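Observations on the three-dimensional arrangement
Residues per chain, in single letters:
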Amino acid sequence: MLEDVGEEGQKKLDSAKVLVIGAGGLGSPVCLYLAAAGIGRIGILDYDIVEVSNLQRQIIHATSDIGKAKISSAQVKMKNLNPNVRIDTYFEKLTTNNALPIMQNYDFIIDATDNFASKFLINDACVLLNKPFSHAGVLKYRGQTMTILPHESACFACAFDEPPAKELNAIFRAGLFGVVPGIIGCIQASEAIKYILNLGELLTNTLLTMDIKTMNFRKVAIHKNPDCRVCSKENGIKELKTYHE
């Protein structure tokens, strides 16, 4: 019924292929809304098991799913919501060996992971494959997201360059206000749908940040780095590398 979507737009969604890497706090709303929107093929990559501590934020899983693989739990909910969606499941960890073979089969990638190693690997793989993707991260009461169109907009490494020192990763396991990944994940799903429909403005060259305590949303301009170690023409990567966790 939306005048700038229409039947043709729905057909575009039906023929689209989106890969969601991570079926946790961010991936939960992403998977549900992509299935509800009518995305024809959705891949889910995750190698984790549902635990009771997940349920405060990972809304695609339920108490009855404890002990099950998250990809299996998510698949059931998505099929209940939209039985026509094709769901590919990958019960494995994202690595330099499987990233390119898996990601090359999709039109849009969603980074719903919770560690720096995966986030930088996803960025590198998307740049090599020229695949658009949505980055997001959440911590405590805050979240951030940006959309990357490789070789057109700033990439994740343009903004953050390298992962932080290994010993600093502990601060990113400091608890999370459960609603935050829900909000950020919904924005990620919106970006994927907008990209497929060529609708509106994407969060390219822009880092959107939010603080749930103050309800402050802020856009930070991110400039494409001509000397970026990943996406620059002269110094860009030629192959994937493994980052520390």
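As the structure is a computational prediction, the values presented were derived from the model and not from experiment. (Residues numbered from 1 in each chain as written. Predicted model: local features only at pLDDT ≥ 70, side-chain atom pairs only at ≥ 80, totals over all residues. Heavy atoms only, no water.)

**Some remarks on the pattern of salt bridges**
Stated formally: Salt bridges are identified by distance alone: a Lys or Arg side-chain nitrogen within 4 Å of an Asp or Glu carboxyl oxygen. Only protein chains enter the accessibility calculation, which uses a 1.4 Å probe; a residue is then buried when its area is under 20% of its type maximum, exposed when over 50%, and partly exposed in between.
The full count for this structure, using the stated rule, is 13 salt bridges. A salt bridge links Lys68 to Asp65; the nearest nitrogen and oxygen atoms lie 3.6 Å apart. Residue Asp111 pairs with Lys119 through a salt bridge whose shortest N-O separation is 3.3 Å. Accessibility assignment for this pair places Asp111 and Lys119 in one class, buried. When salt bridges with common partners are traced through the structure, they connect Glu7, Glu8 and Lys11 into a single cluster.

**Regarding the environment of Gly43**
Keep this limit in mind: In this text, helices come from DSSP runs of H or I with a minimum length of four residues, and strands from runs of E with a minimum of two, each type numbered from the N-terminal end. In this analysis, two residues are considered to be in contact whenever any of their non-hydrogen atoms come within 4.5 Å of each other.
Looking at the secondary structure, you find Gly43 in strand 2 (residues 41-45). Overall, Gly43 belongs to the buried group, its relative accessible area being 0%. Linking Gly43 and Cys158, residues 115 residues apart in sequence, is a C-alpha distance of 27 Å. Non-local contacts of Gly43, meaning those with residues more than four positions away in its chain, are made with Val18, Leu19, Val20, Asp88, Tyr90 and Tyr106.

**What about the environment of Gln75?**
Counting through the fold element by element, Gln75 comes out in helix 3 (residues 70-81). Taking relative accessible area as the criterion, Gln75 reaches 27% and is therefore assigned partly exposed. When the C-alpha atoms of Gln75 and Leu32 are compared, they prove to be 9.7 Å apart, with 43 residues separating the residues in sequence. Apart from the residues lying within four places of it in its own chain, the contact partners of Gln75 are Ile44, Ile87 and Thr89.

**Describing the sheet that holds strand 2**
We apply this condition: Here, a strand pair is defined by DSSP locating no fewer than two bridges between the strands. Only C-alpha atoms enter the line fits that serve as axes; for helices the fit covers just the stretch in contact. Angles between N-to-C directions range over 0 to 180 degrees.
Strand order in the open sheet made by the eight strands is 3-2-1-4-5-6-7-8, with mixed pairing throughout. The open sheet has two edge strands with one neighbour each: strand 3 (86-90) and strand 8 (216-221). Adjacent strand axes in the sheet meet at a mean angle of 15 degrees, parallel and antiparallel pairs treated alike. Looking at chain direction, strand 4 (residues 108-111) and strand 5 (residues 133-139) are connected through two bridges and run parallel. Residue pairing for strand 5: Ile109 is matched across the bridge by Phe133. Sitting on the sheet, helix 5 (residues 116-129) is in contact with strand 1 (17-21), strand 4 and strand 5, with an inclination near 170 degrees to strand 5.

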